[in-house]
Every structure is written in C-alpha cells, then in structure tokens.
Amino acid sequence: MDLKKRLGIISRIVHQQPGLGKTAMMKYIFLLQKIYKVPLGYNFEIYTYGPYSSEVMEDIDFAKQQSIISIDRIVYPNGLKGYSIEPTEKLDSILEQESQFIAQYKEAVDSTIEAFGDRNAKELELLTTIIYLYSTYRANDWPMDEIPLNVHEIKPHFDIKTIREELHNLDTQGILKLAV
Amino acid sequence: MVYPGANHTRFEHSIGVMQMASDMFDSIITKKQNLLSDELSLDTSSIQVYRKIIRLAALLHDVGHAPFSHSGEDLMPLLPKGHIGYVEGQEKRYEHEDYSIEIIKTVFKNIIEQHPIIKVEDVTALLGDKTVRPPKASLIIWKDLISGQLDADRADYLLRDSKHLGVSYGLYDRDRLVSCMTVGKMEETEALRLAIEEKGWHLAESLVIARYQMFSQVYFHRVRRIYDYHIYRATKSVLENKGLCGVYPSPTQISDYLKFDDWAINAALQEGLGDMHGAIIINRKHFKCLEKTSDNPSEDEEAQIKARAQDYENQGIECYLDDKASTSWYRLDKDIAIEEHNNIQPLSEKSSIVKAMNEKPRLLRLYVERAREGRGR
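What counts and how
Residues numbered from 1 in each chain as written. Chains lettered and ligands numbered in written order. Predicted model: local features only at pLDDT ≥ 70, side-chain atom pairs only at ≥ 80, totals over all residues. Heavy atoms only, no water. 1 Å grid on protein atoms, 1.4 Å probe; cavity = no way out; pocket = protein on both sides within 12 Å on 5 of 7 lines; lining within 4 Å. Points joined across faces, edges and corners; volume = space filled by probe spheres on them. Helix = DSSP H or I, 4+ residues; strand = E, 2+ residues; numbered from the N terminus. Nonpolar A, V, L, I, M, F, W, Y, C, P; charged D, E, K, R; others polar. Pairing = 2+ DSSP bridges. Contact = heavy atoms within 4.5 Å. Buried area = accessible area lost by both parts, 1.4 Å probe. Salt bridge = Lys/Arg side-chain N within 4 Å of Asp/Glu carboxyl O. Polar contact = N/O pair within 3.5 Å; in protein donor to acceptor, adjacent residues only side chain to side chain. pLDDT = per-residue confidence, 0-100. Axes fitted to C-alpha atoms, helices over the stretch in contact; angles between N-to-C directions. Expected span 1.5 Å × (residues − 1). Buried < 20%, exposed > 50% of the residue type's maximum accessible area, 1.4 Å probe, protein only. Arc of directions from axis to C-beta. Parallel < 35°, antiparallel > 145°, perpendicular 65-115°, else oblique. Left-handed = near helix turned anticlockwise from the far one by under 90°.

Turning next to the layout of surface pockets. Computed from the structure, the second largest pocket encloses a volume of approximately 680 Å³. Every residue lining the second largest pocket is counted, 32 residues in all, and those nearest its centre are Lys22, Met57 and Tyr83 of chain A together with Asp335 and Pro346 of chain B. Put simply, the parts of the chain that give the lining of the second largest pocket at least two residues each are α2 (22–34), α3 (54–65) and β3 (69–75) of chain A together with β6 (343–346) of chain B. For the lining of the second largest pocket, the leading source of residues is α3 of chain A, giving 6 residues. Classifying every residue of the lining of the second largest pocket by side-chain character gives 11 nonpolar, 5 polar and 16 charged.

What follows is the structure, given as structure tokens:
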C-alpha cells in the first residue's frame, strides 16, 4: 500500500473526527485494517498498550511534517494529557487526490467512528486488545473462554468483569466475527 | 565496498544485544521494581527468570536473517492463504523474524527447555510470535527491549557499526543510556512502557541524532544501497538456478532454508550462478547513481525521475530506481519516551532539534548500468 493512500485514510479520519488523539488514531487504524479490511499493510503487534505499529506513528509524523494535519497538546476531561489531531488547509487537497481510494473505504471509516467514536484512549486500548486476542485465538484455534483472563494479564488494570462485558458487547455488535 | 573495515558479523552483534538488554533490564529493575510490582504484579521470583528469557530473545533475535541480511528479505516467499499474517488482496512476505521464531522453536527448543521453568514460547513471544499466547504484562513490557524505540538491538548496532566502519558518527554515551533507562506511564492511557529518565533527555536527543547520521551517511549511502539491489538480483538468480523459483524455502522448510548462508551464496556467485548481477558483485562494477530527488520529493520530481528511468528501459539499458527508502527496515523512531514523575512525554516535546527532524527521508535514486551510463542522455 503506497504512502499517499495511507495518508488519504488518515486524512479522512481527521476530516470526519477532528480532535482525535494519537492513541485513538493508532487504534482506529488497527480497527480499519482488522475489522473493515482496509488494505493499509501495517504490521501490528501486541504490547502492554494494546496493538501498536511503529509504521502508523511514522505516517502520522509524516502527515504532520507535510502540514496535512496539526497536532496540539491538550488536557482531557479525565485529567490525562494528550493530543488533538486537527485538519489543516492542505488536508482537503489530499482528500481530493486520493478521492477514489477513500471512496472505497469511506463507509469503513464512518462505521469505525460510529462504533468507537465515543470511547476514550484508555477504553480503545482495551477494546483493540480484546479484538487482537480474539483474532489470534481464532487463528490458532485456542479455547475462546480463556480470552478474558489473557486480556486481564496484558491489561491488569481492567477487571475480568469489565473485560467480559466489553467482549460481549463487541460480539453483540457483530464486530468480533469480522476480526478473523 | 564502501567501508572496507566493516567485516563484523551478526554473531558479535547478537552477543552485544544480549549484554545491552541485560544491562538495561538490570538498570530498570534496580530503580523501578516497586512500580512494576504494584502495577504489573512483578514478583521477585520472576525477575531472574524474565532476565534469562530476555537474554535468550536478545541473543537469538536475528538468527533467522537470510544471507547478506536485509537485502534477502524480498526473496522470502509470500505468506500463503491461511497463514496468521495473510491478508486478502495484499502481497505480504515472510520476514526474518518468522524464520528466527521457527529456528528457535526447532533448533533451540531442546536447549532452552533444559531450564526447569522457561518454555521456548516465552522467548518467541518477545519476538512477536503470533502462534503463542501473548504473555502477561509483567513479561510483555520487556518486548520494548527487543523491538521498540529504545531497543537493545539499535542501541548495539549504532555503536558497533560506527566502530567497525571507522566513522565518527553513530556515537552516544552507552553507559549513560543504560543508567537512564526506566519505565513510566503513557500520557493518554497510563499504560506502562519503557522510557528514558527526564535527566537523560539530552542523551535521548543524541541517540536520535546518531541514528539519523548513521542512516543518512552509512545505511543510505548511495553505493551501499545499490549493492543491496545487486545482491538481491544475484541471489534471486542463484535461487532460480538451484530450482527454487527465485525465493528462499519458507519457515515450514527450515532445514532447507538453513543451508543458505553467506558462504553458500558466495560460492554460488563464484560458480556463475548469480548471472549478470553476480558478475557485477565479483567485479565490483556496480550501477552508477546518475540522479536523485530531494529527501522529500514533490510529485513533479518523482514524475521526472520515473520518466527518466522509463527512457532508459525503452532504450534497453538496465537501470534501477531505488524507491525503497520509505519501506526500509531502518526506523528513526525519533519520539523516544521521556519519563518525569512516572509520566511519559515524547522527546519532541523537549527537543526542538528532534521536533524538526523528518522521521525518514523518502528520496528516489536512479542507477544505471556502468558500461552504458552515458547513452540515455
């Protein structure tokens, strides 16, 4: 997947949801690739902070260097510090240049925002960790009932009950079945 | 070719990475054992076991590299349908990490599992093995030491390459880096990750500058880059001439893959199995770089250099347009995490030099075969 198309998708996300943080952008891109099969070609691995790809950070940095987006420091309502990614005047030209590719995946971006747009960065870390593990468990044919404990081992600040609830919600929304 | 003193191998690098990872681990445990215990339930009995797992992962992290390292990565086969990393519509290849994991699981399993507690999967999990259950946070956090912004791999190869190449860049204060290693909480989510203490942020800055200099002056040197291409093409010919469809055996045929090392490929080149590019390597008559774009080329620049390459091709002149900068294995990872009062912020918040740096250049270079370099103009 070439850089311009990846920047096109990043631009579309920022256009649709200005003010997104860096962590949320990382997790949205994971979701687009894993759930909605947008062929972005990033390689995600699991860390204590959920699925992460250094290539995504490179592309966000490049978009900033090229003045396609701006990134401001902010303080969230929960007191945590973070970032706000905003569109710039140049963003529209990227959207136009990559309009064909974006059009193919416009619905995927919109669906991601609709399903996850009200979640904060901490919650997105948990949800994407659940999805990553679900996909890995399915691929390896491991017992699915072990997922909540494994998620808890990676994200020990979330209790098993919360993890089970989120797993159930993702299942009910039909998201998990798309993550295979 | 470019740096005649650079005869060091991955073996000594691997030992260096093991030592670096051990020193970093010890430094962090010394100062943050309580935090790791409170946040991730890291108990004292696990520390010595984890230290051994990390040392093994560091020692073996590169064991799957193809002959001549990264230049062989495009000769690894495509992931088959059904593979855990396969994505419909995308052509993804196996990576050297896949081979490392397979070699550890086969060749080294019996040796590793002579330890009463450690399983081979504990080691491969730190190398990104997607066929083993992700380990608990108190172990997975150390993955950053093996493949992260501050990993022991890059910390070692910068100094090692600099020394063997005989260049004066790539240098930073190794002992100070180790002593400033710590963990902190990420700003947006409070998840723990490895970082450098705030008092060492100038050191982090010097590390990024060292990476940048080695990248631009050494790893991306125009002659070094074209030999990557010649090695790739010559090795592809060798593999074809040996009836292997131009790609290495996959990790599922690991004993066949292990038959290929630098010496085997060198011998094949001497036998003429590398065809035209093999001869170029033996005779040191590499393609010459005739044109290049700026580090971040405009669309016009890109179009111009691509049109020039097309001109050469139309005239039957062999050329190579190197546009792999953006997909290179090398990562600047400039935003090293800096920890202050247990919280993390990126280095670019502290350093205006780092803030202004591009993550990586995206230049294109046009190379043309030597005997005919003047004919396309």
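All names here are of chain B. Here 2 bridges tie strand β2 (residues 192–197) to strand β5 (residues 337–340), and the two strands are oriented parallel to one another. From the neighbouring strand, Ile196 faces β5, where its bridge partner is Ile338. With 4 bridges joining them, β5 and β6 adopt antiparallel strand pairing. The partner of Glu339 across the bridge, within β6, is Ile344. In textbook terms, the turn of a hairpin is the stretch between consecutive antiparallel strands, and for β5 and β6 this stretch comprises 2 residues, one of which, His341, has a positive phi near 50 degrees.

We now examine unusual backbone geometry. Note: most residues except glycine have negative phi, and most peptide bonds are trans. Residues and elements named next belong to chain B. Its identity as a non-glycine residue notwithstanding, Asp275 has a phi of 50 degrees, on the positive side. Within the secondary structure, Asp275 sits in helix α14 (residues 275–283). The backbone phi angle of His341 is positive, close to 50 degrees, even though this residue is not glycine. Examined against the element boundaries, His341 turns out to sit in the loop between β5 and β6.

Take the pairing of strand β4 (residues 81–87) of chain A next. Direction of pairing for β3 of chain A relative to β4 of chain A: antiparallel, over a ladder of 7 bridges. Across the sheet, Ile71 of chain A pairs through a bridge with Ile85 of chain A, a residue of β4 of chain A.

Each partner contributes residues to the interface: chain B has 45 residues there, and chain A has 50 residues. Buried surface at the junction of chain B and chain A, both sides included, amounts to about 4,000 Å², of which 46% is carbon and sulfur. Counting the contacts that link chain B with chain A gives 7 salt bridges. The partner of Lys143 of chain B in a salt bridge is Glu45 of chain A, and the shortest N-O contact between them spans 3.1 Å. Across the chain B-chain A interface, the total number found is 25 residue pairs in polar contact (both at pLDDT 80 or more). When residues of the side of chain B that touches chain A are traced back to their parent elements, those giving at least two are α1 (10–40), α6 (137–140), α7 (143–146), β2, α15 (299–314), β6 and α16 (352–356) of chain B. For the side of chain B that touches chain A, a count of residues per class yields 14 nonpolar, 8 polar and 23 charged.

Let's shift gears to the confidence of the model for chain A. On average, residues of chain A carry a pLDDT of 94, and 99% of them reach 70 or more. Per-element mean pLDDT across chain A ranges from 89 in α3 of chain A up to 98 in helix α8 (residues 160–172) of chain A.

Our focus in this paragraph is the sheet that holds strand β3 (residues 288–292) of chain B. Sheets are built from strands that pair by backbone hydrogen bonding, the pairs being arranged parallel or antiparallel. All names here are of chain B. Read across the open sheet, the 3 strands follow the order β3-β7-β4; overall the sheet is antiparallel. The open sheet has two free edges, formed respectively by β3 and β4 (319–322), since each of these has just one partner strand. With strand direction ignored, the average angle separating the axes of adjacent strands in the sheet is 25 degrees. Relative to strand β7 (residues 365–368), β3 runs antiparallel, the two being bridged by 4 bridges. What sits directly across from Cys289, in β7, is Tyr367.

The subject of this paragraph is α15 of chain B. Residues and elements named next belong to chain B. Compared with an ideal rise of 1.5 Å per residue, which puts 16 residues at 22 Å, α15 spans 22 Å between its outermost C-alpha atoms and is within 8% of the ideal. When we look at burial in α15, the residues that qualify are Glu302, Ile305, Ala309 and Tyr312. Down the axis of α15, the sector holding all buried residues measures 85 degrees, keeping them to one side. More than 90 degrees from the buried face of α15, the exposed residues found are Asp300, Gln304 and Asn314. Once α15 finishes, Gly316 follows within two positions and takes phi at roughly 75 degrees, a positive value.

The next subject is the pattern of salt bridges. Residues and elements named next belong to chain B. According to the stated counting rule, one finds 33 salt bridges over all chains in the structure shown. Where Lys199 meets Glu197, a salt bridge forms, and the shortest distance between an N and an O atom there is 3.8 Å. Linked by salt bridges that have partners in common, Arg224, Arg225, Asp228 and Asp322 make up one network.

Our next topic: empty space enclosed by the protein. The tally for this structure, following the rule as stated, stands at 2 cavities of 30 Å³ or more. Space inside the largest cavity adds up to approximately 110 Å³. In terms of lining residues, the largest cavity is bounded by 14 residues, among which Ile46 and Tyr132 of chain A together with Asp129, Pro134 and Lys143 of chain B are the most central. For the lining of the largest cavity, the secondary-structure elements that each account for two or more residues are β1 (45–47) and α6 (121–140) of chain A. Among the residues making up the lining of the largest cavity, the classes are represented as 7 nonpolar, 2 polar and 5 charged. For the second largest cavity, the full set of lining residues is Asp144, Gln149, Leu150, Arg193 and Leu194 of chain B. The class makeup of the residues in the lining of the second largest cavity is 2 nonpolar, 1 polar and 2 charged.

All names here are of chain A. In a regular helix each residue adds 1.5 Å, so 14 residues correspond to 20 Å; helix α1 (residues 3–16) covers 20 Å between its end C-alpha atoms and thus fits that length. For α1, the full list of buried residues reads Leu3, Arg6, Leu7, Gly8, Ile9, Ile10, Ser11, Arg12, Ile13 and Val14. Turning to α1, the residues buried within the fold contact α2, α3, β3, β4, α4 (91–97) and α5 (99–116). Where α1 begins, the side chain of Asp2 points an oxygen toward the backbone nitrogen of Lys4, at a separation of 3.0 Å.

All names here are of chain B. Look at α1 against helix α8 (residues 152–165): their axes get within 8 Å of each other, and the N-to-C directions meet at 130 degrees. Compared by their axis directions, α1 and α8 come out oblique. α8 is crossed by α1, and the crossing has right-handed handedness. Residues Glu12, His13, Gly16, Val17, Met20, Ala21 and Met24 of α1 form the contact with α8, whose participating residues are Ala152, Asp153, Ala155, Asp156, Tyr157, Arg160 and His164. Among the residues forming the contact of α1 with α8, the class breakdown is 7 nonpolar, 3 polar and 4 charged.

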